[in-house]
Amino acid sequence: PTLPKMTFTVLLKQRLCHTKQISSIYQSRYNNKEEDEILQVINNYSSDELSRFDITRSRITNLQRFRRKRGPFSTLSEILEVDGLGVKVLERLCDSILKYSSQEYDIHDESEIVKHLKALNRKSKIQVVTPPINHEQLTKMKTAVGVHIGGSAVTWTHMDQSGNVLDWNIYNLEFESKRPHVTDLFEVAKEISNNIGIGDIYVLEDKGVSSVSPIQQPASIRVNLQNFQLSAILLALLNVTHQKEKVEPVMEHAVYFLRSQLPARLFKSIVGSERVSAQSIVLDIISQNTESYDCSDVNISDKLKEMYLNRASMEKENLCWSLLLIMTFMDIVVHRNPNSLQILKNVRKNKCT
């Protein structure tokens, strides 16, 4: 069942009312000197300067938009009225500001801050994509597309570095035969690649042939093999399409595979080795209620939200995974969100023990 069209308006009004209530009763755990130091940074730093701290770019945008409308913040509680800035997020930002300002170097010494952040990134560097992405390609990247290949549909989410969702769509897989020939898959892959559009990088989940096990039912094995073939064809087509956009084509990868189950683990939608439905998570995301996920914010237009809500349940599930896939890639590979990296480290530690 789909929600009424006005559901999001109601949700947002309730959220705004709730936010104002929180801001009015919030008791800061910082002393006057610390609060002044934090407010000095938040009120005067540019977007690039604020991005050095523990806050996503989309929240920085919300902060600055609010600041332009209402003027400088005079208390930390006022910041809680900014969309996406809950108590947990605010205190994480404040702690990171105080942490960097307490280092031996001055907080305004840009070269020293950059060196320090690079050192932190080197320590936390974990390879999660295949093949490895070179730093230059990540630096040039403006948009990326997460492509999810499910048993009944292929979905994709096109997102820019700031978390704006440019496209979120679905292609239902319907074949005349239960066992489509590879040429049928090629025709489908061609149509999908034409619909996806041009991104700087394309991201799929690395399920690989290891997901095909002899103990599975024949129908399940058939679907897994079909998806593997479709992934291989899309890999070739998207790489070739990407080269056509260049004045002087140089063969390089544009398609990358994110480690298997990483989106499910990051968003806590996995039990044992099995995924559970991600629809409640995505409903939180499109309602901008993401504090419990420690992930970067995304901005989804009302049109795309309505498109999602009007889909059948199975289509929604497939759409969920392309969104979570690209959010995971942006969070871990592009923005190197320390909270998400810690989750990844914990997963690896648990596997080792």
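Residues numbered from 1 in each chain as written. Predicted model: local features only at pLDDT ≥ 70, side-chain atom pairs only at ≥ 80, totals over all residues. Heavy atoms only, no water.

1. Remarks on helix α4 (residues 57–70)
Reasoning step 1: The first and last C-alpha atoms of α4 sit 20 Å apart over 14 residues, in line with the 20 Å expected at 1.5 Å per residue.
Reasoning step 2: The complete set of buried residues in α4 reads Ser58, Arg59, Ile60, Asn62, Leu63, Gln64, Phe66 and Arg67.
Reasoning step 3: Positive phi shows up at Gly71, right after α4, with a value of about 90°. (Helix = DSSP H or I, 4+ residues; strand = E, 2+ residues; numbered from the N terminus. Expected span 1.5 Å × (residues − 1). Buried < 20%, exposed > 50% of the residue type's maximum accessible area, 1.4 Å probe, protein only.)

2. Here we look at the pattern of salt bridges
Reasoning step 1: In total, this model carries five salt bridges according to the counting rule given.
Reasoning step 2: The partner of Arg92 in a salt bridge is Asp54, with the nearest N and O atoms 3.8 Å apart. You can see Arg92 sitting in helix α6 (residues 87–101) and its partner Asp54 sitting in the loop between α3 (47–50) and α4, a full 38 residues away along the chain.
Reasoning step 3: Between Glu81 and Arg70 there is a salt bridge whose closest N-O contact spans 3.2 Å. One end of the pair, Glu81, is in the loop between α5 (76–79) and α6; the other, Arg70, is in helix α4, and 11 residues separate them in sequence. (Salt bridge = Lys/Arg side-chain N within 4 Å of Asp/Glu carboxyl O.)

3. So, the sheet that holds strand β2 (residues 143–149)
Reasoning step 1: Strands sit in the order β1-β6-β5-β2-β3-β4 across an open sheet of six strands; the sheet is mixed. The outermost strands of the open sheet, each flanked by one partner alone, are β1 (129–130) and β4 (165–172).
Reasoning step 2: As paired strands, β1 and strand β6 (residues 255–259) are joined by two bridges and run antiparallel to one another. Following the sheet pairing, Val129 is matched in β6 by Leu258.
Reasoning step 3: Lying on the sheet, helix α14 (residues 313–334) is in contact with β1, β2, β3 (153–160), β4, β5 (201–206) and β6; it crosses β3 at an angle near 35°. (Pairing = 2+ DSSP bridges. Contact = heavy atoms within 4.5 Å. Axes fitted to C-alpha atoms, helices over the stretch in contact; angles between N-to-C directions.)

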